[in-house]
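Residues per chain, in single letters:
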Amino acid sequence: MDATTTTLDQHREEFSQRRFLAMPLAGLICWLIAGIINFFVAPQVAALVLFIATGSIVYIGMLLSRFTGEDFFRKEKPKNPFDNLFLRCVAMALLVYSIGIPFFMIEPRSLPLSLGILTGLMWLPFSWIIQHWVGTFHTLSRSILIIAVWYLFPQHSFVAIPAVIIAVYAVTLFILEQRWQSISHSHNLQNAITNE
């Protein structure tokens, strides 16, 4: 595809053909580590663990992308404006610390609630970009379940909220992989028909 004549719809179509496992897998790993560690440590340490874990998601996602076939740093990869939009969504998710930190200073147990919900908001624009419901499912189920757990288990928010997020990530990864398998199957079928 010639970059000068490629339409925005064609860029969107190309972007949507990807697997998208690296970042949610990184999120699952980081929240899992935080949840396990926070089961054994004091709330002050749990807060530090949560800051480090959630701040590491993007970096671990970049590393994992080399193993999931999504290599974010591939030099020969053509520029796609939706890559830029996706990175801006990631930056938006990181900027929510400006809300989470002051709220945490007033109410320490609020940290998993604010970081859990606010960093999950980037899934809504992602869902629109790829024109699939998985991102909307992720954001809505994650937000609703986090609020429910925050009220149901107020003294265990540093462990219970990561457990919810891990479960939502697991379902999301399954849906994304099913979506990608379907796309791959369609492409293989199309290629077989073309080659006949």
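Our structure is the block above this text.
What you are looking at is a predicted structure, and each value in this text was computed from that prediction instead of being measured. (Residues numbered from 1 in each chain as written. Predicted model: local features only at pLDDT ≥ 70, side-chain atom pairs only at ≥ 80, totals over all residues. Heavy atoms only, no water.)

1. A few points about the overall build of the chain
The condition that has to hold: Going along the chain from the N terminus, every DSSP run of H or I of four or more residues is numbered as a helix, and every run of E of two or more is numbered as a strand. Three labels apply to residues, based on accessible area from a 1.4 Å probe with only protein chains included: buried if under 20% of the type maximum, exposed if over 50%, partly exposed otherwise in between.
Of the regular secondary structure elements, the chain holds nine helices and zero strands. Traced from its N-terminal end to its C-terminal end, the chain shows the element sequence α-α-α-α-α-α-α-α-α. Judged by the C-alpha coordinates and their principal axes, the chain covers about 65 × 30 × 25 Å. Evaluated residue by residue, the chain yields a buried proportion of 46% over its 196 residues.

2. Quick word on the layout of surface pockets
Filter applied, for reference: In this analysis, the protein atoms alone were mapped onto a 1 Å grid. Cavities are point sets where a 1.4 Å probe fits without being able to get out; pockets are open sets with protein on both sides within 12 Å along at least five of seven lines; lining residues have an atom within 4 Å of a point. Grid points are joined across faces, edges and corners, and a volume is the space filled by probe spheres set on the points. Charged residues are taken to be Asp, Glu, Lys and Arg, nonpolar residues to be Ala, Val, Leu, Ile, Met, Phe, Trp, Tyr, Cys and Pro, and polar residues to be all remaining types, Gly included.
Within this model, the largest pocket holds a volume of roughly 970 Å³. Taken together, 44 residues form the lining of the largest pocket, with Met-23, Phe-72, Asp-83, Phe-86 and Leu-87 sitting closest to its centre. Of all the secondary structure elements, the ones that give two or more residues to the lining of the largest pocket are helix 1 (8–16), helix 2 (22–38), helix 3 (43–64), helix 4 (81–95), helix 7 (123–130) and helix 9 (157–195). Broken down by element, the residue count for the lining of the largest pocket peaks at eight residues, all from helix 4. For the lining of the largest pocket, the class distribution of residues is 26 nonpolar, eight polar and 10 charged. Computed from the structure, the second largest pocket encloses a volume of approximately 210 Å³. Looking at the second largest pocket, it is lined by 13 residues, and the ones nearest its centre are Pro-43, Gln-155, His-156, Ser-157 and Phe-158. For the lining of the second largest pocket, the secondary-structure elements that each account for two or more residues are helix 3 and helix 9. Top contributing element to the lining of the second largest pocket by residue count: helix 9, with three residues. Partitioned by chemical class, the residues of the lining of the second largest pocket number eight nonpolar, four polar and one charged.

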